[in-house]
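# Structural characterization, general
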Protein chains: 2
Amino acid sequence: MKMLMNVPESVVGDALRGMAAAHPDLVVDVEGRVVVRRDAPVAGKVALVSGGGSGHEPLHGGFVGPGMLDAACPGEVFTSPVPDQMVRAAAAVDSGKGVLFLVKNYTGDVLNFQMAAELAEDEGVQVASVLVNDDVAVVDSTFTAGRRGTGATLFVEKLAGAAAEEGQPLERVEALARQVVENSRSFGVALSSCTTPSKGTPSFDLPAGELEFGVGIHGEPGRERRPMMTSREIADASVGAILDDWQPRGPVLALVNGMGATPLLELYGFNAEVQRVLAERGVPVARTLVGNYVTSLDMAGCSVTLCQADEETLRLWDAPVQTPGLRWGR
Amino acid sequence: MKMLMNVPESVVGDALRGMAAAHPDLVVDVEGRVVVRRDAPVAGKVALVSGGGSGHEPLHGGFVGPGMLDAACPGEVFTSPVPDQMVRAAAAVDSGKGVLFLVKNYTGDVLNFQMAAELAEDEGVQVASVLVNDDVAVVDSTFTAGRRGTGATLFVEKLAGAAAEEGQPLERVEALARQVVENSRSFGVALSSCTTPSKGTPSFDLPAGELEFGVGIHGEPGRERRPMMTSREIADASVGAILDDWQPRGPVLALVNGMGATPLLELYGFNAEVQRVLAERGVPVARTLVGNYVTSLDMAGCSVTLCQADEETLRLWDAPVQTPGLRWGR
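Keep in mind that what you see is a predicted model, and the values were worked out from it rather than measured. (Residues numbered from 1 in each chain as written. Chains lettered and ligands numbered in written order. Predicted model: local features only at pLDDT ≥ 70, side-chain atom pairs only at ≥ 80, totals over all residues. Heavy atoms only, no water.)

Here the focus is the pattern of salt bridges. Any two side chains of opposite charge can pair, on the condition that their charged atoms come close. Evaluation of the coordinates by the stated rule reveals 41 salt bridges over all chains. With a shortest N-O distance of 2.8 Å, Asp14(A) and Arg17(A) are connected by a salt bridge. Here Asp14(A) pairs with Arg17(A), and both are found in helix H1 (residues 11-22), just 3 residues apart, close to one helical turn. Residue classification places Arg17(A) among the partly exposed residues on the basis of a relative accessible area of 37%. The residue Glu165(A) makes a salt bridge to Arg37(A) at a minimum N-O spacing of 3.1 Å. Of the two residues, Glu165(A) is situated in helix H4 (residues 152-165) and Arg37(A) in strand S2 (residues 34-37); the sequence distance between them amounts to 128 residues. Where salt bridges share partners, they join Asp14(A), Arg17(A), Arg232(B), Asp236(B), Glu273(B), Arg276(B) and Glu280(B) into one cluster. (Salt bridge = Lys/Arg side-chain N within 4 Å of Asp/Glu carboxyl O. Helix = DSSP H or I, 4+ residues; strand = E, 2+ residues; numbered from the N terminus. Buried < 20%, exposed > 50% of the residue type's maximum accessible area, 1.4 Å probe, protein only.)

The positions that UniProt labels "domain: DhaK" (unreviewed entry) are, in the present scheme, residues 7-328 of chain A. Here residues 7-328 of chain A runs as 33% helix and 24% strand, with 35 Å between its end C-alpha atoms. (UniProt positions renumbered as here; feature names shortened; annotations may be inferred.)

With an RMSD of 0.0 Å, the fit of chain A onto chain B corresponds to turning through 180° and sliding 0.0 Å along the axis. Taken together, the rotation and translation describe the operation of a two-fold axis. In this assembly, 100% of the residues forming the interface of chain A have copies in chain B that are likewise at the interface, indicating an isologous arrangement. (Least-squares fit on C-alpha atoms with pLDDT ≥ 70 in both. Contact = heavy atoms within 4.5 Å.)

Turning to helix H7 (residues 264-280) of chain B, a few remarks are in order. Residues and elements named next belong to chain B. Under the 1.5 Å per step criterion, the end-to-end length of H7 is 24 Å for 17 residues, consistent within 8% with the ideal 24 Å. By the criterion of burial, H7 is predominantly enclosed, with 15 of the 17 residues buried. At the exit of H7 stands Gly282, carrying a positive phi of roughly 75°. (Expected span 1.5 Å × (residues − 1).)

Our focus in this paragraph is a negative patch on the surface. Residue and element names in this part refer to chain A. Where like charges cluster on the molecular surface, the negative patch consists of Glu118, Glu121, Asp122 and Glu123. Mapped onto the elements of the fold, Glu121 is located in helix H3 (residues 107-122). Residue classification places Glu121 among the partly exposed residues on the basis of a relative accessible area of 42%. (Patch = residues over 30% accessible without salt bridge, like charges linked within 9 Å, V, L, I, M, F, W, Y side chains within 5 Å. Areas by Shrake-Rupley, 256 points an atom, 1.4 Å probe, with all protein chains shown as cover. Lys, Arg positive; Asp, Glu negative; His and termini not counted. Charge placed at Lys NZ, Arg CZ, Asp CG, Glu CD.)

Our next topic: the state of the cysteines. Counted according to the given criterion, the structure contains 0 disulfides over all chains. Cys194(A) supplies the cysteine sulfur nearest to Cys302(A), a cysteine that is in no disulfide, at a spacing of 15 Å. (Disulfide = S-S within 2.5 Å.)

Below, the discussion takes up the packing of helix H6 (residues 231-245) of chain B against H7(B). Each pair of packed helices can be summarised by the angle the axes make with each other and by the distance between the axes. Residues and elements named next belong to chain B. Between H6 and H7, whose axes approach to 8 Å, the crossing angle comes to 45°. Between H6 and H7, the crossing angle belongs to the class labelled oblique. For H6 against H7, the interelement crossing comes out right-handed. Residue-level contacts link Ser231, Arg232, Ile234, Ala235, Asp236 and Val239 of H6 to Gly269, Phe270, Glu273, Val274, Arg276, Val277, Leu278 and Glu280 of H7. Broken down by class, the residue content of the contact of H6 with H7 amounts to 7 nonpolar, 2 polar and 5 charged. (Axes fitted to C-alpha atoms, helices over the stretch in contact; angles between N-to-C directions. Parallel < 35°, antiparallel > 145°, perpendicular 65-115°, else oblique. Left-handed = near helix turned anticlockwise from the far one by under 90°. Nonpolar A, V, L, I, M, F, W, Y, C, P; charged D, E, K, R; others polar.)

Turning next to helix H2 (residues 83-93) of chain B. Residues of H2(B) that are buried: Pro83(B), Gln85(B), Met86(B), Val87(B), Ala89(B), Ala90(B) and Val93(B). For H2(B), the elements touching its buried residues are strand S2 (34-37), strand S3 (47-54), strand S4 (71-77), strand S5 (99-104) and helix H3 (107-122) of chain B.

Structure, rendered in structure tokens:
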């Protein structure tokens, strides 16, 4: 695979320089690998910090801004950021009201955010952490004990971000984030492998006539290889896998997500099938977001994330957000 | 190439059904192939209509909404929409203040929009048309006499859309759109071919170690095949090709655009190089937009579009816009 890059070693730094140039409302510490909203710390506000390996853009750096994250810590491609980054981020955004770490469930991220929480607390910052583990495909995987954290991260960051922006205290924002995780489920499918810059060749071998059913966002194996399926069949099987695991009570937010290389034309067509299955299964959909949001470098494929939504969830979802990746007004 | 679809024949219709489900603020006529903002016709406002072959999403349907287009007419993949669609769109959005057709310079689109303008005027709708032809790569191409219309379409739709939203009359909005075209230039590069649903195999053959320099948004040939280049070299050559053709007087808007399958991580890295070249060449950048906006199905690659910006341009660029693909508040 050809990549638009200079050398593999500079991919993340180059991207951060490019982000800094495009988004003057962010402060990007390219050396220190931290992306912070320019008006941080925001007085009286709980601060949200997330992060993880790079290669999932716009997650997480693209979700920094009013109404969502206060800071993000990008690691190397598919590699956890280090505790130093998280401590620096926490110090930059803490207004005295405390910091909430939002952590996708991968062993490296979990350990590093844990160590960072201890270090930040030693420096007098109050820290709470919430683990995102929404992927129903497999239990235990290449980089994970338990379930992987994938698409629900967007819902947690948006909804907890809106609650924090409203001035809710740390324990409330933390409880809300935890509730969003509990009320969310995801399932993904790969039509092609991804290619990491350092390796330069596909991370895994996926024959022409097959797909990876239940894939993770680093190309980790899913449940099984299956012969290539239609959009209709993928929607039936993906939504089916989620609803076999869990039945939402009431309406849902739906994220119909691309893995990075799947064009919008295909994602919208897939969304039509996802909506059909949900209607057939009696699940009302309150809001739908379609696009490449929680990606896996240049992987082709898609995932579905559902989040059970009550009135407060909808209010927080509709609240204004101003980030590079997610943006709407009043 | 594997595609996320049912059958090639239903790709555009399926995508429109998926758009309708995701965007309740749009009226999507799936059969009639027209996407209209729900509050159209807007009293006292000039209406903007664009369209073209599908496969360039979010262009054009994703740019329908307050502050941008009033309606879009999607054709089949890489195939011009027909005059009937445009006439229906014009009738749906005309408030009596006239309709502006924004047309990318491809022979089919030009002829069909021309015929539609005559038919709509027969029905009493005042119509003006502006042709977008910003691609400096080649003169005359597979589907085009003259220069191709590519990334500048986004600038024309946003800036003319903002002017129309302010209540400017048809002749002013038309003159502004024409001026934006005159003040914009683009250049693109393909790292991989695209695959149309009906063919199912790459549209052109691009060897592993080469790129297509000056490619069009349907995979039309560019200036030449070149050995694979770094991000730095591509930025030097692409921006160089634009500035060899034309020197902006004063600051520019910059669109650093992905062709569909190139992930944001790479596009941001490319943006860093584009900004470097522009700084070296003495071109100040007032605003930058990075992402997959004017795409070519699943093609990997990128393009740069520059638009010379005066104070009015910046005001119109910053004006609120609420569309699926481009969205910001006050």
